[in-house]
Amino acid sequence: MTDTFEEKRKDSVGREGTTIGLFFIRLLLNMGGGCGGDSSEEVAVDLGYEPHVLAVDDNLIDRKLVEKLLKNSSCKVTTAENALRALDYLGLGNDTPEGTASKVNLIITDYCMPGMTGYELLKKIKESSVLKEVPVVIMSSENIPTRINECLEEGAKMFMLKPLKQSDVKQLKWNFMKCRD
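Residues numbered from 1 in each chain as written. Predicted model: local features only at pLDDT ≥ 70, side-chain atom pairs only at ≥ 80, totals over all residues. Heavy atoms only, no water.

A. Examining the overall build of the protein more closely. On a plain count of helices and strands, the protein comes out with 7 helices and 7 strands. N-terminal to C-terminal, the α/β element order of the protein is β-β-α-α-β-α-β-α-β-α-β-α-β-α. Here the protein, with 181 residues, has 46% of them falling under the buried criterion. Once local pairs closer than 6 in sequence are excluded, the contacts in the protein between residues at least 24 apart make up 61%. Accessible surface, the protein: about 9800 Å² in total, of which carbon and sulfur atoms supply 50%. (Helix = DSSP H or I, 4+ residues; strand = E, 2+ residues; numbered from the N terminus. Buried < 20%, exposed > 50% of the residue type's maximum accessible area, 1.4 Å probe, protein only. Contact = heavy atoms within 4.5 Å. Areas by Shrake-Rupley, 256 points an atom, 1.4 Å probe, with all protein chains shown as cover.)

B. The arrangement of the sheet that holds strand β5 (residues 106-110) in detail. Ordered in space as β4-β3-β5-β6-β7, the 5 strands form an open sheet in which the pairing is parallel. At either end of the open sheet lies a strand with only one pairing partner, and these are β4 (76-80) and β7 (158-161). Sheet twist, expressed as the mean angle between neighbouring strand axes with direction ignored, is 20°. Bridging between strand β6 (residues 136-140) and β7 involves 4 bridges; their strand directions are parallel. When the sheet's bridge partners are listed, M139 is paired in β7 with M160. On top of the sheet, helix α5 (residues 118-127) reaches β3 (52-56), β5 and β6; it is set at about 175° to β6, its chief contact. Packed onto the sheet, helix α6 (residues 145-154) meets β6 and β7 and runs at close to 150° relative to β7. (Pairing = 2+ DSSP bridges. Axes fitted to C-alpha atoms, helices over the stretch in contact; angles between N-to-C directions.)

C. Structural detail: the packing of helix α4 (residues 83-90) against α5. Across the interface, α4 lies against α5 with an axial gap of 10 Å and an inter-helix angle of 20°. On the basis of the axis angle, α4 is roughly parallel to α5. Crossing hand, α4 versus α5: right-handed. Mapping the contact onto sequence places A83, A86, L87 and L90 in α4 and L121, K124 and I125 in α5. When the residues that make up the contact of α4 with α5 are grouped by side-chain class, the tally is 6 nonpolar, no polar and 1 charged. (Parallel < 35°, antiparallel > 145°, perpendicular 65-115°, else oblique. Left-handed = near helix turned anticlockwise from the far one by under 90°. Nonpolar A, V, L, I, M, F, W, Y, C, P; charged D, E, K, R; others polar.)

D. Spatial organisation of the pattern of salt bridges. Per the stated rule, a full pass over the model turns up 6 salt bridges. The partner of K162 in a salt bridge is D57, with the nearest N and O atoms 2.9 Å apart. On the criterion of sequence distance, the pair formed by K162 in the loop between β7 and α7 (166-177) and D57 in the loop between β3 and α3 (60-71) is long-range, its members being 105 residues apart. Each member of the pair, K162 together with D57, is buried. For D110, the salt bridge identified is with K162, shortest N-O distance 3.2 Å. In this pair, D110 sits in strand β5 while K162 sits in the loop between β7 and α7, placing the two residues 52 residues apart along the sequence. Both residues of the pair, D110 and K162, belong to the buried class. (Salt bridge = Lys/Arg side-chain N within 4 Å of Asp/Glu carboxyl O.)

E. Structural detail: the pairing of β6. Within β6, 5 of the 5 residues are buried, which leaves it mostly tucked inside the rest of the structure. Of the two faces of β6, both are covered, the one formed by V136, I138 and S140 as well as the one formed by V137 and M139. Of the strand pairs in this sheet, β5 and β6 are connected by 4 bridges, and their pairing is parallel. The partner of I108 across the bridge, within β6, is V137. Regarding topology, α5 serves as the crossover connection from β5 to the parallel β6, and that connection is right-handed. (Right-handed = clockwise from strand over helix to strand, strands pointing away.)

Below, the structure written as structure tokens:
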């Protein structure tokens, strides 16, 4: 099952890496403003840049799957078992001392979680002056169009159905590799 996430590819100069790892490097370069041509991609790879992703899911199996997918893709991964722990990690929790926010480049969260949903987490992130530009991807095992639209309207970059599979990686690549107008 994990073999689908470990497809090895060579980049334009012959370096081997996982498809999604190179994807995340390009994603982060593109979101930093501009399209990120080959030379900037090569610099990121040469420096060993490792994007930091926060993965939030109350289901241990789903959380471990996302973690493995991202780690196999040369990402630094921090996991949280619920939205409140994620807020604490991000420096937005009620008991979090000011100025202790952790830097992440992408947040992937489940929608249905006890205590606080992924949608509520998304809203808190987008209300934060520090984190509002961090891309958030919502995952769910339920395909409910009103829920999907609600998340996208609130600022989610993408809504993906669980469990994650190879076609989701292609969809992420398609959506995030395009240069923003």
